[in-house]
Each structure stands twice: as structure tokens, then as C-alpha cells.
Amino acid sequence: MADSTSQSQETLSNLLHETRSFPPPADLAENANVKAEAYDRAAEDRLGFWEEQARRLTWERPWDTVLEWEPPFAKWFSGGKINASVNCLDRHVEAGLGERVAYYWEGEPGDTRTITYAELKDMVCQAANAMTELGVRKGDRVAIYMPMIPETVVAMLACSRIGAVHMVVFGGFSVDALGQRLDDSQAKLVVTADGGYRRGKPSALKPAVDSAVAERPFVENVLVVRRTGQDVEWNDRDVWWHDAVGSQSTEHTPEAHDAEDPLYIMYTSGTTAKPKGILHTTGGYLTQVAYTHWAVFDLKPETDVYWCAADIGWVTGHSYIVYGPLANAATSVMYEGTPDTPHRGRFWEIIQKYKVTIAYMAPTAIRTFMKWGDDVPAQFDLSSLRILGSVGEPINPEAYVWYRKNIGGDRTPVVDTWWQTETGAIMVSPLPGVTAGKPGAAMRAVPGVTADVVDEEGKPVPDGGGGFIVIRDPWPAMLRGIWGDEQRYKDTYWSRFEGLYFPGDGAKKDADGDMWLLGRVDDVMLVSGHNISTTEVESALVSHPRVAEAAVVGATDKVTGQAIVGFIILRGGEEEVPDDLLQELRNHVGTSLGPIAKPARLLAVPELPKTRSGKIMRRLLRDIAENRAVGDTSTLTDSSIMEVIAKQLPSVKPGD
Ligand code: WT7
């Protein structure tokens, strides 16, 4: 793999010129929770601004110091005492909101549950009592390996109530992935279910836990929710949720925790290395997730119905299905299954049924919906929607415009939110009542966050330039470290640029100074001395009417250093790119971005290799483009896809 950060002659080329922009609807702008003045106020007194946001929460004891900063170690709201579950539940019930719906839950087979704040609080108190009875104490780690069911949220909040540290492992991960995370975190309890529903069938979870815990005696108990009714093997340490939790009192006196007590660990693998256990703590995290959820989605808790379609196994689910929405007393929808079960309109049916006003999903899902056709969402009434969000990857301008038009009725702002597991909360995003959104741009750091784009030396690039996104000042929801590996924390995030947090993403500033995020710097291509982002070339390909999805990589080339090789999914699903179309697509990219960005080769494929959170694994495509054996595919959604793609190789066509 070319190390583009050290070889480059210049920082990232700024090729794409997108001119569309969508101002906020007038009524939204007028009634927005956050207006333009917030930027200046936060810039003038950043710490005072975050104190103001922290005061939106209920503290058992106020903090003594807003921020103690000994780079790269931050402590926010030191001396403050707070309980996250109290902020998500008890205080709302005490304020008379007990009857408000916290979740409209929709199971994949069509079963539903409506859970109010009062009911959720009772469930969490019972689970907290049960965990205590099972010997879980403050500071202990609890693994949660679950389908998307309400008990997953209950388990997380029960941990936060008693001060145990939850570690949610995505239910689609293998025994090995689960085992590795158990070893690293030394969890003493695993919460799981017999299974969950996926693609119309029960999909078992318990057998993976059985295998993972068999050789891990440090796991003392496995707490099992019955969801599917599948047969399960029963071991000595297993306990049914309905027995252990169901029998408990709904009273539980919460303890106030230190603002800096750990709240959770979330493992992130990037696309290669050993997973890093990203550590988040309590007071600062809750402050920023609650604030950003309220500001970026303009949440009106009395009237909005909010739906984040991510999985709780990712940080998006933690921050924007659980902690942010509940801290704000929002009413959310939670859906267990896949978007095409039992039909390809399931998401739109859910929006119609619950009159969802705010929807938040990933570009990979949006591109899939584009591929399925405009006629699918057109069959549903989506007029309740007022704000749409995107997260997880750069959103191609074409996908953004499609989303706004076909889902948002050309009426709703789209907020493209950039952040990471490590940042804990949204960092760069439009504000829907303030920003005139540009398709494909995350625009500006949210009030209170200081992001910039810098060059190789860490100097800010001028407007119109490209480079690396950095965060200048500590922020409340920032990771507090990597579990058990302080050195790796310093090396990974704080060694590239002196005194700056380095997220590892490329970015550019346009002529107005707005930010465009361009994906991981590891993916940047170096062609004839120009650093070219994969995102821009992919977006140019996707803007052609024949292309549904695209992934490009730089393959070693004797002449140009790297040559651009594109893998595309054609809209008709053909698996060959006819010569005339090949030429047309190359010219299309050339016209959009300039001749330097023309792909040398294009290959039509039926699917692209993606991680389970929907990110394209360009590393594997690079292996194919350079005729190497394909590397580790264990984090792929579907590992057979690489064989399918490799078989197409003879049809790789050299360009001119
Ligand atoms: C990486 C973080 C953010 C929570 C879910 C993923 C990419 C994320 C955007 C966006 C461009 C984005 C970045 C980032 N990313 N959002 N709006 N525009 N890129 O969390 O798994 O930790 O991934 O996702 O490359 O570094 P994650």
C-alpha cells in the first residue's frame, strides 16, 4: 500500500466542484433550537458554552472544573457527579413525562412494542437489581451481544445505572470477534438472546456465546433474553432474563458516579489492525451527545418522532439511539431487521406508520435504495419527515440529492454528520435551521468544536485547499483512551501533528471555507504526484446515470505511481462494462474532475466488499487490482463476495 502521507508532493487535490446548495426552510430556520449566534458564542467562550450544555443535564453534584487538559488526556467536569440512566429516565418521569413513548419498537416479523419512559425506567431498575444480584459491581465490564430489541437498551442503561462498563458487540460478529473483545475487556457477565430476526428468519446468537465463553472462565454468567424461542443449549452459568430480571423490584436507588467514571467501551477495528477498545466516560459524553442530538436534528421532543436506523452495536446506536435521544426525552422508533424484509419498502412503511419526522441513516443504505428505484419510496406517505441525516461515510452528492428529493420530498434539509467512534458525538455537521447545505459536505464544526483542515506540516490550508482534518481543542465526548493501551492512544491519534487530534481522514475546504470529508487517508490515491481522494472519483462515477455504486483504489503503476482502478455496480446489474460505456464513464469522470482522475481500468461487479457497518473495504479491492492474494476478510458482511469479484478479473479492461 502506498503511503500517501509521506510520498505526496502536495496535499489532497480539490477536484470536485459542486455548486448546488439548499437553504433551510424558512419556518425551520425561524423556530430552530440552535441559531447562527451559537457559533460565535461558543467561539468566544468554548468552555462556558459546554458548561451551558452540561446544565441541560441533571447533576447530583456540580463540577469544580470544566476541563483539566494535560495533553492528550482530558478530564471534563471534574468533581461533578452524575448518573446517565437517571438523566435518560428518572428525571423525565419525575417531570411528568412518564407516559411519553420512549420507543416504538418494530420487530422484523411485524410484532411491535410501545415502551413509555415510565416502563423503560422500571425495566432498567429491574435489570440493575438483577445485575447486582449476579455480582456485577461498579467498574466491572458487561458484554452485550444482542439483536435490536428493547432489552439491549435496558441492559446498557442498567450498566450505566450501577456504574458497570458496557461493551456492546455487534450481533453479526463471529465467535472469534466476540472472544477477542471478551479477552481484552475481561467482561464478567454476557447479556445475549437466543437469537433475533434477520432476513425473515430467526438468527441464533446464543451458540456463538456458548463457544466464546466455553474457554473463558472469567465470564461468570450469561443472561439470556428469549426473543425467537429457538432451542438453546443450557449451561451452569446461564440465566434466563425473564427469571432473573422479571422477578426483581422496579425500585432501584441509583448511585451518582464521577463525571469521569467509564461509561462504555466500544471496539473499533478500522479496516485492518487489532480492534481498539475506545473508552468513553460519563459526564462529558452525555453532555455532547444530548446537545448535538438536540442541535443537529433540531429535536422538538414533544412532537418529533425520531428514527436512527443504525445498529446499537455501533457507536451511532450508542449515541443516537440510546443516550442522546433518551437524555432529550425524545420519542424514537427502533427497528430490529433488514430494509428489504419482507419487501424493499420496509423503511418507508415504518416512516409512514409512525409518522417519523427525523430519520438518520448511512450512505450505503441510501445508495442501495437508489439502486432499488424511485418507485419504491414513492408508494408511501413520507410527508411527516422534516429532517434527514446521514452518517458513516462521505455521502456522494448524487446520493444526497436523491435522498433529499425522493425521501425528503425536496423539502427537508439533509444533515451530513461527520464523527467517529473515537469522537463519541457529532463533530462536523450542518445545523438544519442555519446552514445552506451543500450535497456531499459536512460543512462546519458544530458550535463548541474546533475542526480545521491542515497540510503535511499541520498548517491550515487556505480555502479551496485539501489536506487532513484535525481537531484543535479537546471536546467533551472525546475518547479518554484505548482500553489497556495508553501508548497506542498517543501514537494513533496524537503523534501525527503536534498538539492536534488526528482522526485519520482526508478533507478539503471549498472556496467558502466549508468542509468536505474525503474518507480515510489510507485510501487516498497518488497519481502522477497528485493526491486524489477515492470519494471524489466515486462520486463522479455515481453521478453517471448508468452507475449505482462505485469503489475506486490506486493500484501500483510503473508510469504514474498509482493508477485508478474502479469497481462499479451498473444500474441494470450487468457484469460487463461494454467498451463504449467504459469510454463514456472515463470521459465523464474526466469532465467532472479533470483528466488526472480518469480511471485507468473499470470493472463491473455484482456487489462491493463492505464491513458490517457498511464501509467499503478498499484494502481488499487493492489486493485484487494488484493481483495479490486477498487479505483478511473476517470483518466482511459476506466473505464469498471476494471470490465472486476475483472471478471477474479477466474482464478487467485496460483504458487508453
Ligand atoms: C469514520 C468513523 C460516525 C459514526 C459511525 C462510524 C467515516 C463517518 C462520515 C461523514 C465522511 C464519514 C470517517 C470516519 N465517516 N461519517 N459524514 N462523511 N466520512 O463510526 O466506524 O468509527 O467510523 O467513518 O472516515 O473517520 P466509525
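Above this text you will find the structure in question.
Sequence order as written defines the numbering, with residues in each chain counted from 1. In view of the model being predicted, local features appear only for residues whose pLDDT reaches at least 70, and side-chain atom pairs are presented and counted only at 80 or more, with totals across whole chains, interfaces and linings using the full set of residues. Heavy atoms throughout the structure, all of them, feed into the side-chain values; hydrogens and water do not.

Participant: Explain the overall build of the protein chain here, please?
Facilitator: The helix and strand tally for the protein chain stands at 21 helices and 31 strands. With respect to the principal axes defined by its C-alpha atoms, the protein chain has extents near 75 × 60 × 50 Å. A burial count over the protein chain gives 63% of its 656 residues as buried. Note on contacts: a residue pair is in contact if any heavy atoms of the two residues lie within 4.5 Å. Once local pairs closer than 6 in sequence are excluded, the contacts in the protein chain between residues at least 24 apart make up 72%. Method for areas: the Shrake-Rupley scheme with a 1.4 Å probe, in which residue coverage is limited to the protein chains shown. Of the roughly 23,400 Å² that the protein chain leaves accessible, carbon and sulfur atoms contribute 48%. Strands are runs of DSSP state E lasting at least 2 residues, helices are runs of H or I lasting at least 4, and numbering of each runs from the N terminus. Any residue under 20% of the maximum accessible area for its type is buried, any over 50% is exposed, and the rest in between are partly exposed; the area is computed with a 1.4 Å probe on protein chains only.

Participant: In this structure, what is going on with the sheet that holds strand 25 (residues 515–520)? I would like to understand it.
Facilitator: Strand pairing in a sheet is mediated by backbone hydrogen bonds. Such pairs are either parallel or antiparallel. When DSSP locates at least two bridges between a pair of strands, those strands are taken to pair. The four strands are arranged 21-22-24-25 in an open sheet whose pairing can be described as antiparallel. Both outer strands of the open sheet, strand 21 (451–454) and strand 25, are each paired with one neighbouring strand and no more. Geometrically, the sheet is characterised by an average inter-axis angle of 40° between neighbouring strands, direction not taken into account. Two elements, strand 22 (residues 466–471) and strand 24 (residues 505–509), share three bridges in a ladder whose sense is antiparallel. Bridged to F468 within strand 24 is G506. Structural elements are reduced to axes, namely lines fitted to C-alpha atoms, with helices fitted over the stretch in contact, and the angle between N-to-C directions of any two is expressed from 0 to 180 degrees.

Participant: Is there a simple way to think about the site of the ligand in this case?
Facilitator: Put simply, a residue is near a molecule or strand once any heavy atom of it comes within 4 Å of that molecule or strand. Every one of the 16 residues lining the ligand counts as a neighbour, but D416, T417, T421, D505 and R520 are closest to it. Here P394 contributes a backbone N or O atom positioned 3.3 Å from a nitrogen atom of the ligand. Identification of polar contacts relies on pairs of N or O atoms within 3.5 Å, with a donor-acceptor requirement for protein atoms, meaning one able to donate a hydrogen and the other able to accept it, and with residues adjacent in sequence counted only if both atoms are side-chain atoms. D416 places a side-chain nitrogen or oxygen 2.7 Å from a nitrogen atom of the ligand. Protein burial of the ligand: of its 550 Å² of free accessible surface, 91% is covered by the chains. At the level of elements, helix 12 (315–327), strand 20 (414–417) and strand 25 are the ones that each hand at least two residues to the shell around the ligand. Within the shell around the ligand, the residues separate by chemical class into six nonpolar, five polar and five charged. Residue polarity follows a fixed list, in which Ala, Val, Leu, Ile, Met, Phe, Trp, Tyr, Cys and Pro are nonpolar, Asp, Glu, Lys and Arg are charged, and the others, Gly among them, are polar.

Participant: How should the packing of helix 11 (residues 283–296) against helix 12 be read in this particular structure?
Facilitator: For any two helices packed against each other, one specifies the crossing angle of their axes together with the interaxial distance. Axis separation between helix 11 and helix 12 bottoms out at 8 Å; the angle between their running directions is 85°. On the basis of the axis angle, helix 11 is roughly perpendicular to helix 12. Contact residues: helix 11 offers Y285, L286, V289, A290, T292 and H293, while helix 12 offers H318, S319, Y320, Y323, G324, P325 and A327. Considering only residue class, the contact of helix 11 with helix 12 consists of eight nonpolar, five polar and no charged. Our angle categories are set so that under 35 degrees counts as roughly parallel, over 145 as roughly antiparallel, 65 to 115 as roughly perpendicular, and the remainder as oblique.

Participant: Explain the pairing of strand 25 to me, please; I cannot follow it from the model alone.
Facilitator: Successive residues of a regular strand alternate their side chains across the two faces of the sheet. When you tally the buried positions in strand 25, you get five out of six residues, the bulk of the element. Bridging between strand 24 and strand 25 involves four bridges; their strand directions are antiparallel. Across the sheet, residue K509 finds its bridge partner in strand 25, namely M515. From the end of strand 24 to the start of strand 25, which pair antiparallel, there are five residues, and G513 there has a positive phi angle of about 85°.

Participant: What should I look at first to understand the nonpolar core in this one?
Facilitator: The tendency in soluble globular proteins is for nonpolar side chains to be buried side by side. Take the buried Ala, Val, Leu, Ile, Met, Phe, Trp, Tyr and Cys residues and link them wherever side-chain atoms come within 4.5 Å; each set so joined is a nonpolar core. Core analysis: the biggest nonpolar cluster contains 144 residues, and L120, L157, L182, V191, V322, Y323 and L326 have the highest contact counts within it. Discounting residues that sit within four places of it in the chain, L326 has contacts with N87, C88, H92, A102, Y103, Y117, L120, V153 and L157. Formed by 31 residues, the second largest nonpolar core is a distinct cluster that contains V333, I395, Y403 and I407.

Participant: How should I be thinking about a negative patch on the surface in this particular structure?
Facilitator: On the surface, E99, E119, D122 and E251 cluster together into a negatively charged patch. Among the residues examined, E99 registers a relative accessible area of 66% and is labelled exposed. For patch building, the residue pool is restricted to those with more than 30% relative accessible area and no salt bridge; the joining distance is 9 Å between like charges and 5 Å between nonpolar side chains (Val, Leu, Ile, Met, Phe, Trp, Tyr). Salt bridge criterion: a side-chain nitrogen from Lys or Arg within 4 Å of a carboxyl oxygen from Asp or Glu. The charged-residue count follows a simple rule in which Lys and Arg add positive charge and Asp and Glu add negative charge, with His and chain termini not counted at all. Where a charge sits is defined by one atom per residue type, namely NZ (Lys), CZ (Arg), CG (Asp) or CD (Glu).

Participant: How do you make sense of the packing of aromatic side chains when you look at a structure like this?
Facilitator: The geometry of an aromatic ring pair comes down to the distance between the two centres and the angle between the two planes. A pair of aromatic rings is counted whenever rings of Phe, Tyr or Trp (Trp by its six-membered ring) have centres within 6.5 Å, and the orientation is called stacked for planes under 30 degrees apart, edge-to-face for over 60 and tilted otherwise. Throughout the structure, instances matching the rule amount to 39 aromatic pairs. Taken together, a centroid distance of 5.7 Å and an interplanar angle of 55° make the contact between W69 and W494 tilted. Here W494 lies in helix 17 (residues 486–494) and W69 lies in strand 1 (residues 65–70), a separation of 425 residues in the sequence. Through pairs of rings, three or more aromatic residues link up here, namely W69, F73, W475, Y489, Y493, W494 and Y501.

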